[in-house]
Amino acid sequence: MYTQFHTSTLLPTLPLTHSPPLSRRTILLYSHRLPPLHRRRPTSLRFPLRISSCINSTGTISSSLSTEEEEERPSNNKRVKAYPFHEIEPKWQRYWEEHKTFRTPHDDLDTTKPKYYVLDMFPYPSGAGLHVGHPLGYTATDILARFKRMQGFNVLHPMGWDAFGLPAEQYAIQTGTHPKITTLRNIERFRSQLRSLGFSYDWDREISTTEPDYYKWTQWIFLQLLKRGLAYQAEVPVNWCPALGTVLANEEVVDGVSERGGHPVIRKPMRQWMLRITAYADSLLEDLNDLDWPESIKEMQRNWIGRSEGAEVEFHVMDTDGQQTDIKIVVYTTRPDTIFGATYLVLAPEHILLSSMVSEAQSKHVEEYKELAARKSDLERTELQKEKTGVFTGCYARNPATGEAIPIWIADYVLGSYGTGAIMAVPAHDMRDHEFASKYNLPICGVVMPNDQNISSFDKAYSGDGTVINSSNLTTGLDINGLSNKEAASEVTKWLEKSGNGKRKVNYKLRDWLFARQRYWGEPIPVIFLGETGETVPLPETELPITLPELDDFTPTGSGEPPLSKAASWVKTFDPLSGKPAERETNTMPQWAGSCWYYLRFMDPKNSKMLVDKAKEAYWSPVDVYVGGAEHAVLHLLYARFWHKVLYDIGVVSKKEPFQCVINQGIILGEVEYIAYRDPDGNLISADIVDELTELSQERVPEDEVRKSGDSYVLKDNPTIRLIARAHKMSKSRGNVINPDDVVSEYGADSLRLYEMFMGPLRDSKPWNTSGIEGVHRFLARAWRLIVGSPSPSGEFKDGTVALDEEPSTDQLRSLHKCIDKVTEEIEATRFNTGISAMMEFINAAYKWKKLPRSTAEAFVLLLSPYAPHMAEELWSRLGHSNSLAHEPFPKANPEYLKESTLVLPVQINGKTRGTIEVEKECSEEDAFRLASQDSRLSKFLDGQKVKKRIYVPGKILNVILDAKKVKVGQR
């Protein structure tokens, strides 16, 4: 599956298409095409455009230095780097680590200062390490953290590891390597890569979900849930994967096989731990309104919770003689107004009453169908587009409204886990029911007529509003004919309650959280089962943490028993209170558990006496900005909110919600691929006609053989052949993963950070374009040379800078403060790409100055520092400062320098606008007329003419009235 983009977003100079408009000069300077990383780089790169001026080591203009010379000065056939990032970056990373520059004090914090808690979603440390997509969100949060730190905030910006999970366990099964060894190795790899990118994490607060000191408190939270009846055991149908030996969530099953490994998955009932998240459904729904989250994410959570109002209706099963029995099938419906149109019932294949109502003749068919349904996930079963299937049970129930017997079927589009596991089917007014009824020739009875049309036959389901018809029964005392469907729904509900056939009901799609996993590599569940009675006993809190035993064999048992059951000496234990023999729970918690509350532990990571200190939690909560992928929009965020609300109710936390603002960064896709089509004879076929042809082969076209034509891409040598431009998600299987280590080695961490922010809006997905990083790398090189000066012929840079201790001019101050204002505004709004554009414009303006004032250079370096911290630290040091700039005040724009000093003045000749001139705001009438006379477009109307009158409105208009006798004939 690939993602196809509108071709206008796939320009070769991608960053410029996503970023705000720049001047033509800026575009020329920063958008040259260069070879991608995977191509061999020539000994000397050539850039045709020459920079017209550059500040040299004396602080004056040097007009002889070209871009080619500035980028590289070959010496002894060795390539010289544009600026010495390979020396600067390791140097400042060591400095930050040695000086603990970004450490946030644990106990001696000045809480009178404002706080800012910015957090990345907990990463899972995979063996593959980072690819260039990962730093996108991390760079954004780091810019925010550095910015707020410089604004005087106490900043909490930590990092840790969501390190339990199935991948490490599967690797252990395949290789025999203990999951802990794999996990620690992967963490070390991730940590090293993150450090190399200069992120300002407080590494003293680093945590991992796999450490006993951490999961002690995960187990503690489970005990609190158990005490309050929010954790319980139940026999539930689950997605069981024999090959993986574990239960999978619905989201982990695709087309009947496991998402990881593609192993067959079946449905089978198992004893499972469940968390009663449904008890918090209303709170989870209502409190969304107060959160600064993307509306799409909030809507996804609302849909997942799925609150609806309706009624429960009881249908009595009938025996073989047609008499009503005591067996009742309870259904939930949001449309009680359509009860007269219910012509059959459908039960889920796993319904608990099914075995008691199947006729002997249908028993075999029902069992076969149940077996087929057990192989499908809930998502597959409820897919709207799939063909509806089912089996008649051979049994009937009585419709309480009509008094008629209606057949009972089973079908897999009804789930045992939703509602009551049974529905009243109203085929005239529900699409799925209509498809099912049409397939199996079941009655279709319309009971709601649209107000604006008359439907004689319900060939298609009508699910809208209207007037109720065919809905009266004197025997049952219910008559709703002529009512609107909403009025009818209310009347039916009242009748159900009065007649004892049902009741009003609020229902939720949200199901209780299946919390157990048949895995080794997870948090042990802190309960035991007494040997004689099997009674479930929670372990005392003093026994925590319950640590994992050492195992050599992590393979599934095949029986459904978890791998921990193999640790016999660990499993067999004693109740610490009664001394009775007992066995430990051998299921473990899901990976979600540790990531539900980690944001709290970051506030107080070393506390051995409580989950989090109350005063520290009260100060730091809630998380101000939480950044991560949209794939966590529902489950992680919903589970974390649930646990947080429980902790709020028991007094552990002081705020109702954990994350005030959530930002979902986009995905960085692989580089754009260009595809051409050929027919069976080998002829190239244009992509705009491929739908009309068959048996076409595809082939990739090298980027240098492609050019843009309008909104499309075509072959350079044959522009009639249009190509397909595609960008795919990065994956090892596609071979399009870009390793950030390679980019850092080639261009430096600051260039990578800057490029990922310049690619486009943070929340948008965009394809990686290696040549795009050359532009921002060149921008950093120009910023370096602006302040440090040009290198020697050998490529070496002198110590210090070319900045001078002189007062900046008014024009220089205007340029600087406009940049300060824009960068500040754009960081606050997380529009990082436009902030970079503002700095590029400033550098362009600064290259035109004859001298560079030190105060101006210092202010710009501070502006640059959240984006490119290594370079900024080095420049700050060269400007004469001995300490890090991390806590220096961020520059503030002076409003006086933001005012425009000039304006565009329209000029009329004899009342007709002939052009415009740029004038100072305080321009006099005489000066305005002089400028108009000198303007090449206006002078032709004024030369040799006698002016009769001038009308001047300052700042508005200049109207020159000429003597009519002197106006040249034919003058236009």
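The structure under discussion appears in the preceding block.
Worth saying up front: this structure is predicted, and the values here are computed from it rather than measured.

A.B. asks: Teacher, can you tell me more about the overall build of the chain here?
C.D. replies: For the chain, the helix and strand inventory stands at 28 helices and 42 strands. For the chain, with 972 residues in total, the buried portion stands at 53%. Taking all contacts inside the chain whose residues are at least 6 apart in sequence as the whole, residues at least 24 apart take part in 71%. For the chain, the accessible area works out to roughly 43,000 Å², and carbon and sulfur atoms hold 49% of it.

A.B. asks: In this structure, what is going on with the packing of aromatic side chains? I would like to understand it.
C.D. replies: Each aromatic ring pair is characterised by the separation of its centres together with the angle its planes make. Going through the model one piece at a time under the given rule, you end up with 46 aromatic pairs. Seen in terms of ring centroids, Trp513 and Phe515 are 5.1 Å apart; in terms of plane orientation they differ by 90°. Their pairing is edge-to-face. Just as Trp513 is buried, Phe515 falls in that class too. Centre to centre, the rings of Tyr619 and Trp620 are 5.0 Å apart; their planes meet at 75°, and the pair counts as edge-to-face. In terms of burial, Tyr619 and Trp620 fall into one category: buried. Through a chain of ring-to-ring contacts, three or more aromatic side chains come together here, namely Phe222, Trp273, Trp513, Phe515, Trp592, Tyr639 and Trp643. It is Arg146 that lies over the ring of Trp96; its NZ or CZ is 4.9 Å from the centre. The residue whose ring lies beneath Arg584 is Trp570, and the NZ or CZ to ring-centre distance is 5.3 Å.

A.B. asks: When you look at the sheet that holds strand β26 (residues 536-538) in this model, what are you seeing that I'm missing?
C.D. replies: Reading across from one edge, β26-β25-β28-β27 is the order of the four strands in this open sheet, with antiparallel pairing throughout. The open sheet has two free edges, formed respectively by β26 and β27 (572-574), since each of these has just one partner strand. Averaged over all neighbouring strand pairs, the angle between strand axes comes to 45°, with direction disregarded. Looking at chain direction, β27 and strand β28 (residues 581-584) are connected through three bridges and run antiparallel. Bridged to Phe574 within β28 is Pro581.

A.B. asks: Would you mind showing me how to read the nonpolar core here?
C.D. replies: Formed by 95 residues in total, the largest nonpolar core has its most connected members in Trp768 and Met839. In terms of residue count, helix α22 (residues 770-788) provides more of this core than any other element does, ten residues in total. Those residues within four positions of Met839 in sequence are excluded, and the remaining contacts are Phe779, Cys819, Val823, Phe860, Leu863, Leu864 and Tyr867. One finds Tyr508, Trp513, Leu611 and Val652 within the second-largest nonpolar core, a separate group that totals 87 residues.

A.B. asks: When you look at the sheet that holds strand β41 (residues 947-953) in this model, what are you seeing that I'm missing?
C.D. replies: Strand pairs in the sheet, formed through backbone hydrogen bonds, run parallel or antiparallel to each other. The mixed open sheet is built from four strands, whose spatial order is β40-β39-β42-β41. At either margin of the open sheet sits one strand with a lone partner, and together these are β40 (912-920) and β41. Direction aside, the axes of adjacent strands within the sheet are offset by 20° on average. As judged from the six bridges shared by β41 and strand β42 (residues 957-962), these two strands associate in the antiparallel manner. Each residue of the ladder has a partner; that of Ile951, found in β42, is Asn959. Contacts from helix α27 (residues 925-934) reach β39 (902-909), β40, β41 and β42, with the element oriented near 115° to β41.

A.B. asks: Even after reading the chapter, I still don't get helix α14 (residues 485-499), so can you show me in this structure?
C.D. replies: In an α-helix, one turn spans 3.6 residues; hence positions three or four apart end up facing the same way. Its 15 residues place the ends of α14 20 Å apart at the C-alpha level, agreeing with the 21 Å of an ideal helix rising 1.5 Å per residue. Contacts from the buried residues of α14 go to β13 (308-318), β19 (448-449), β20 (467-468), β22 (478-479) and β23 (502-507). One or two steps after α14, the chain reaches Gly500, where phi turns positive at roughly 80°.

A.B. asks: Please explain the pattern of salt bridges as it appears in this structure.
C.D. replies: Scanning the entire structure with this criterion turns up 46 salt bridges. The salt bridge partner of Lys572 is Glu583, with a shortest N-O separation of 3.6 Å. Of this pair, Lys572 sits in strand β27 while Glu583 is found in strand β28, placing the two residues eleven residues apart along the sequence. Given the relative accessible area of 39%, Glu583 is considered partly exposed. A salt bridge links Arg878 to Glu874, with the shortest nitrogen-to-oxygen separation between them at 3.4 Å. Pair noted here: Arg878 and Glu874 are both in helix α26 (residues 869-878), with a separation of four residues, about one helical turn. A relative accessible area of 9% places Glu874 in the buried class. Salt bridges sharing common partners tie together Asp287, Arg641, Lys645 and Glu657.

Cut-offs applied
Residues numbered from 1 in each chain as written. Predicted model: local features only at pLDDT ≥ 70, side-chain atom pairs only at ≥ 80, totals over all residues. Heavy atoms only, no water. Helix = DSSP H or I, 4+ residues; strand = E, 2+ residues; numbered from the N terminus. Buried < 20%, exposed > 50% of the residue type's maximum accessible area, 1.4 Å probe, protein only. Contact = heavy atoms within 4.5 Å. Areas by Shrake-Rupley, 256 points an atom, 1.4 Å probe, with all protein chains shown as cover. Phe/Tyr/Trp six-rings, centres within 6.5 Å; stacked < 30°, edge-to-face > 60°. Lys NZ or Arg CZ within 6 Å of the ring centre and 35° of its normal. Pairing = 2+ DSSP bridges. Axes fitted to C-alpha atoms, helices over the stretch in contact; angles between N-to-C directions. Core = buried A, V, L, I, M, F, W, Y, C linked by side-chain atoms within 4.5 Å. Expected span 1.5 Å × (residues − 1). Salt bridge = Lys/Arg side-chain N within 4 Å of Asp/Glu carboxyl O.

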